[in-house]
Amino acid sequence: MKKTLQQKAEHILDSNFKTEGEFTIPCENLYPFQWFWDSGLIAIGFAHYDMQKAEKEIKTLLKAQWSNGFIPHIIFHTETDSYFPGANFHRSDLHPESNPKYKSTGMTQPPVTGFVLKEIYRISEDKGATLKFIESQIDKVYDNHRYFYENRDPQNEGLVYIYHNWESGTDNSPIWDDIWKTMNPPEYDFERRDTTHVDPEERPSKREYDHYLHIIEIAKANNYNDEKIAELSPFLVQDPLFNAMLIKSNESLIELYKLIGGHENKIKQLKKWQQKSITSFNDKLFDEELGAYVHYDLRNERALKHLSSSSFAPLFANIPDTEKAETMVKVMMEKFGNENQYLCASFDPTSERFNPKKYWRGPVWVNLNWMLYNGLKQYGFNDIAERVKTDTITIIENNGFYEYFDSRKEMHKDNKAGYGGNNFSWTAALLIDLLN
Ligand code: 2M8
């Protein structure tokens, strides 16, 4: 019997779930550990058909939290040299508050856990049991938000910084080219592993990796101390996607604490952070000229004026008012949404830096599409939301469960427009959510 798309997606998630460690890898070979934001998005998929696995995923992730509230971007549950750079390069043990039980990186990723808990609650058919689970985990997520506001916001603006492109999740976005121009790292000698699993055309260059490693060397030389990083890292950026995830998660934590009851002080604090964050976000990151949100380079005190799918992610977190939202959607449809393109390219298709085959430099990503779909719906842009959803389902149905996809429709004729890793977990997980 032919499997349905949903069955295929469930099969991928179940195969990528590692029973020994109770977590899910993003995909075989290329990404053999647990990644922070992947895990959260994966749990949303599991929640639709296997709530136990959804809960395990989140529990395992939060067990690796550091005593200062920080949650690392990769948790190296297993030993394998199929990934570079691994645990011995990152050396999380350098930080005095790192978790002695779990080797990890010393950087983080977009804080999705708050809104993921809310999504799991929305999907659950046994709300009482799910709320109990949430109650057992929610303070860890709150502590994570406190970590961000207390350690990643040196000018007390309500906007937190990332100190590495890997923290953004959008690893080699052309936006970072502006930062690489300010740096001149040594040419390191190392053995890449990603390019043995995936066509190098679809991955970052060696020189880009030199930059990535150099920033980590600086952080390590300072034992991953946040204050030192804020002072010394050549990469220090306020990212609209990252901050939108934090704001969306604040909102979810407030709603969940209300459901649980008896957490007035935490709700009060969350509301304070929330108000300040949304105000600064709109004042500082909205670019009137481009008609959407942009990144801010805190190290060099300048806006990085480029459009990317991150520019529209604030819709998901209810950040723009309706006027701003309308402007953004107009810009999105003009630049990213013509009939030759699938929505939504990860970088501005009208820019000369656009590359629709290369990783975060242009291809369509299902995680961003899922956020965009939900954001557009929240503001009542139902037709465009439906297009994002249909485009997402179509490209997966035709090409398979890839990590990313060519945004140009003409490239989809032979159904070979899926790139990067295959049988990719968040592609499967979020498809399940879109189908239900
Ligand atoms: C990609 O990033 C990792 C480093 O974190 C890599 O290229 O080795 C990104 O797409 C990131 O957003 C994602 O979480 C990770 C695992 O899917 O892969």
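Residues numbered from 1 in each chain as written. Predicted model: local features only at pLDDT ≥ 70, side-chain atom pairs only at ≥ 80, totals over all residues.

1. Quick notes on the overall build of the protein chain
Next up, step 1: For the protein chain, the count of helices and strands is 17 helices and 11 strands.
Next up, step 2: Radius of gyration (C-alpha) of the protein chain: 20 Å, near the 22 Å computed for a compact globule of 436 residues.
Next up, step 3: On the principal axes, the C-alpha backbone points of the protein chain span a range of 55 × 55 × 50 Å.
Next up, step 4: Here the analysis covers contacts within the protein chain between residues at least 6 apart in sequence; of these, 70% occur between residues at least 24 apart. (Helix = DSSP H or I, 4+ residues; strand = E, 2+ residues; numbered from the N terminus. Rg over C-alpha atoms; globule rule 2.2 N^0.38 Å. Contact = placed C-beta atoms within 7 Å.)

2. As for helix α17 (residues 425–435)
Next up, step 1: Buried residues dominate α17, accounting for 8 of its 11 residues.
Next up, step 2: Within the span of α17, buried status applies to S425, W426, T427, A428, A429, L430, L431 and I432.
Next up, step 3: Of the surrounding elements, those touching the buried residues of α17 are α1 (5–16), β2 (23–24), α2 (36–47), α15 (366–378) and α16 (382–399). (Buried ≥ 20, exposed ≤ 12 C-beta atoms within 10 Å, placed from the backbone.)

3. Remarks on the UniProt feature "domain: Mannosylglycerate hydrolase MGH1-like glycoside hydrolase" (unreviewed entry) in the protein chain
Next up, step 1: Residues annotated by UniProt as "domain: Mannosylglycerate hydrolase MGH1-like glycoside hydrolase" (unreviewed entry) correspond here to residues 31–427.
Next up, step 2: Helix makes up 48% of residues 31–427 and strand makes up 5%, while its end C-alpha atoms are separated by 14 Å. (UniProt positions renumbered as here; feature names shortened; annotations may be inferred.)

4. Describing the sheet that holds strand β9 (residues 302–304)
The strands making up a sheet are joined through hydrogen bonds of the backbone, oriented either antiparallel or parallel.
Next up, step 1: The strand order β5-β8-β9 describes an open sheet built from 3 strands, whose pairing is antiparallel. Strands at the two margins of the open sheet, each flanked by one partner only, are β5 (237–238) and β9. (Pairing = 2+ DSSP bridges.)

5. Quick word on the packing of α15 against α16
Next up, step 1: The N-to-C vectors of α15 and α16 enclose an angle of 160°; their axes lie 8 Å apart at closest approach. Of the possible angle classes, the one that applies to α15 and α16 is roughly antiparallel. The two elements α15 and α16 meet at a crossing, and its hand is left-handed. Taking contact as the criterion, the partners of V366, N369, L372, Y373, L376 and K377 in α15 are, on α16, N382, I384, A385, V388, K389 and T392. (Axes fitted to C-alpha atoms, helices over the stretch in contact; angles between N-to-C directions. Parallel < 35°, antiparallel > 145°, perpendicular 65-115°, else oblique. Left-handed = near helix turned anticlockwise from the far one by under 90°.)

6. Some thoughts on the nonpolar core
Next up, step 1: A43, Y163, L372, A428 and A429 are the most contacted members of the largest nonpolar core, which has 129 residues in total.
Next up, step 2: Sequence-distant contacts of Y163, that is, excluding residues within four places in its chain, are made with M107, I215, A219, I229, S233, F235 and L236. (Core = buried A, V, L, I, M, F, W, Y, C linked by C-beta atoms within 7 Å.)

7. Regarding unusual backbone geometry
Next up, step 1: Across the junction of F84 and P85, the peptide omega takes the value 0°, indicating a cis bond.
Next up, step 2: Mapped onto the elements of the fold, P85 is located in the loop between β4 (74–75) and α4 (87–90).
Next up, step 3: A cis amide bond links L343 to the next residue, C344, at an omega of -5°.
Next up, step 4: The topology assignment puts C344 in the loop between α14 (322–335) and α15.
Next up, step 5: Its identity is not glycine, yet E22 carries a phi of approximately 55°, on the positive side.
Next up, step 6: By secondary structure assignment, the location of E22 is in the loop between β1 (17–18) and β2.
Next up, step 7: Since 18 C-beta atoms lie within 10 Å of it, E22 is described here as partly exposed.
Next up, step 8: For N423, which is not glycine, the phi torsion reads 50° and is therefore positive.
Next up, step 9: The exposure class assigned to N423 is buried, which follows from the 20 C-beta atoms found within 10 Å.

8. Examining the packing of α2 against α17
Next up, step 1: For the pair α2 and α17, interaxial distance at closest approach is 7 Å and the crossing angle is 40°. Judged on the interaxial angle alone, α17 and α2 are oblique. Between α2 and α17 lies a crossing of left-handed hand. Counted together, D38, L41, I42, I44, G45 and F46 of α2 and S425, W426, A428, A429, L430, I432 and D433 of α17 form the full contact between these two elements.
Next up, step 2: When the residues that make up the contact of α2 with α17 are grouped by side-chain class, the tally is 9 nonpolar, 2 polar and 2 charged. (Nonpolar A, V, L, I, M, F, W, Y, C, P; charged D, E, K, R; others polar.)

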